[in-house]
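Working through the structure, step by step
Chain by chain, the residues run as shown.
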Amino acid sequence: KTPIARVLYARKLLQPFGSGSSRAVFLISSRKVLKIAKNEAGVEQNRTEVSIARDPDVTPVVTHVFDRDKKFQWIVSELVREIKDPAEFQKLTGTPWELFVDILTPEEVEGDDVDTLVNDDARTEVIASNPIILAAMELAANYELALSDLVDLEHWGKTADGRAVMLDYGYTVDIADKFYQKVG
């Protein structure tokens, strides 16, 4: 089947949950969604999410992936609802949103210098005691997830079991460069 045929078939059977330029998402149950690739960028985003979800260093901040197509045409992952506001993020993680953003995006950090975040004595204790911050730093450093996504509250959600996680973590710098280069 073509990507469009898969999406049309899913629309007949499942409730649409969302759609972007590269994937369509459908509600499977009260805890799971189906993400269907619409194009090669969607396939790569699915492949990336499957790979990242297997990394125990980042599992605190990503959704579980329950199943996948062997060619990554689709994945089944955890249903997540958007976090409403910074207060909800703090309630779920124990960390104020503003502090989370400040730790992940200090002015002195550029490019691959994510390791310098850990060397700031004022932040070390907060970082070391917070699995969400540690996992988010690992996600940024090891998978080149755009920091702009990590520090945008709209990219965070709450799972059915009450974890704060990234809604969509398949969009990396590599995928952006490969499939979404700006013209001009």
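Residues numbered from 1 in each chain as written. Predicted model: local features only at pLDDT ≥ 70, side-chain atom pairs only at ≥ 80, totals over all residues. Heavy atoms only, no water.

What follows is about the overall build of the protein chain. Check the secondary structure of the protein chain and you find eight helices and eight strands. Here the protein chain holds 184 residues, and 42% of them are scored as buried. Long-range contacts, defined as pairs at least 24 residues apart, comprise 55% of the intrachain contacts of the protein chain with a sequence gap of at least 6. Total accessible area computed for the protein chain in this model is approximately 10,100 Å², and 51% of it derives from carbon and sulfur atoms. (Helix = DSSP H or I, 4+ residues; strand = E, 2+ residues; numbered from the N terminus. Buried < 20%, exposed > 50% of the residue type's maximum accessible area, 1.4 Å probe, protein only. Contact = heavy atoms within 4.5 Å. Areas by Shrake-Rupley, 256 points an atom, 1.4 Å probe, with all protein chains shown as cover.)

When we look at burial in helix α3 (residues 86–93), the residues that qualify are E88, F89 and T93. Viewed along the axis of α3, the buried residues span an arc of 115 degrees, placing them on a single side of the element. In α3, the exposed residues that point more than 90 degrees away from the buried face are A87 and K91. Each element contacted by the buried residues of α3 is listed here: β6 (80–82), α4 (97–104), α6 (131–143), β7 (156–159) and β8 (164–166). Just downstream of α3, G94 is the residue with a positive phi angle, here 80 degrees. (Arc of directions from axis to C-beta.)

For the structure shown, the criterion picks out six aromatic pairs. Ring centres 5.5 Å apart and planes at 80 degrees place the aromatic pair F89 and W156 in the edge-to-face group. Of this pair, F89 sits in helix α3 while W156 sits in strand β7, and the two are 67 residues apart along the sequence. Exposure class is identical for F89 and W156. Each is buried. Members of the aromatic cluster, connected to one another through ring pairs, are F89, W97, F100 and W156. Seen from the ring of Y9, K1 lies directly overhead, with NZ or CZ sitting 3.9 Å from the centre. The ring of F66 carries the charged tip of K32 above its face, separated from the ring centre by 4.6 Å. (Phe/Tyr/Trp six-rings, centres within 6.5 Å; stacked < 30°, edge-to-face > 60°. Lys NZ or Arg CZ within 6 Å of the ring centre and 35° of its normal.)

A few words now on the sheet that holds strand β5 (residues 74–78). Within the open sheet, the five strands sit side by side as β1-β2-β3-β5-β4. Their pairing is antiparallel. Of all the strands in the sheet, the pair left with one neighbour each is β1 (15–19) and β4 (65–68). For this sheet, the mean angle separating the axes of adjacent strands, direction not counted, is 25 degrees. Relative to the sheet, helix α2 (residues 40–53) contacts β2 (23–27), β3 (32–37), β4 and β5, its axis offset from that of β3 by approximately 135 degrees. (Pairing = 2+ DSSP bridges. Axes fitted to C-alpha atoms, helices over the stretch in contact; angles between N-to-C directions.)

Moving on: unusual backbone geometry. One non-glycine residue with positive phi stands out, namely F72, at about 65 degrees. Structurally, the position occupied by F72 is in the loop between β4 and β5. Judged by relative accessible area, which is 11%, F72 ranks as buried. Here the phi dihedral of E144 falls at roughly 50 degrees; this positive angle occurs in a residue that is not glycine. Assignment of secondary structure puts E144 in the loop between α6 and α7 (147–150). Residue classification places E144 among the partly exposed positions, given a relative accessible area of 41%.

With that out of the way, let us pick up the nonpolar core. F89, F100, L139, L150 and W156 are the most contacted members of the largest nonpolar core, which has 26 residues in total. Counting residues per element, the ones that place at least two in this core are α2, α4, α6 and β8. A total of seven residues in this core trace back to one element, the largest contributor, which is α6. W156 has contacts with V61, E82, I83, F89, W97, F100, D149, L150, A164, V165, M166 and L167, leaving out every residue within four places of it along the chain. Core analysis: the second largest hydrophobic core is formed by seven residues, V7, A10, A24 and L34 among them. (Core = buried A, V, L, I, M, F, W, Y, C linked by side-chain atoms within 4.5 Å.)

Geometric values such as these leave the question of function open.
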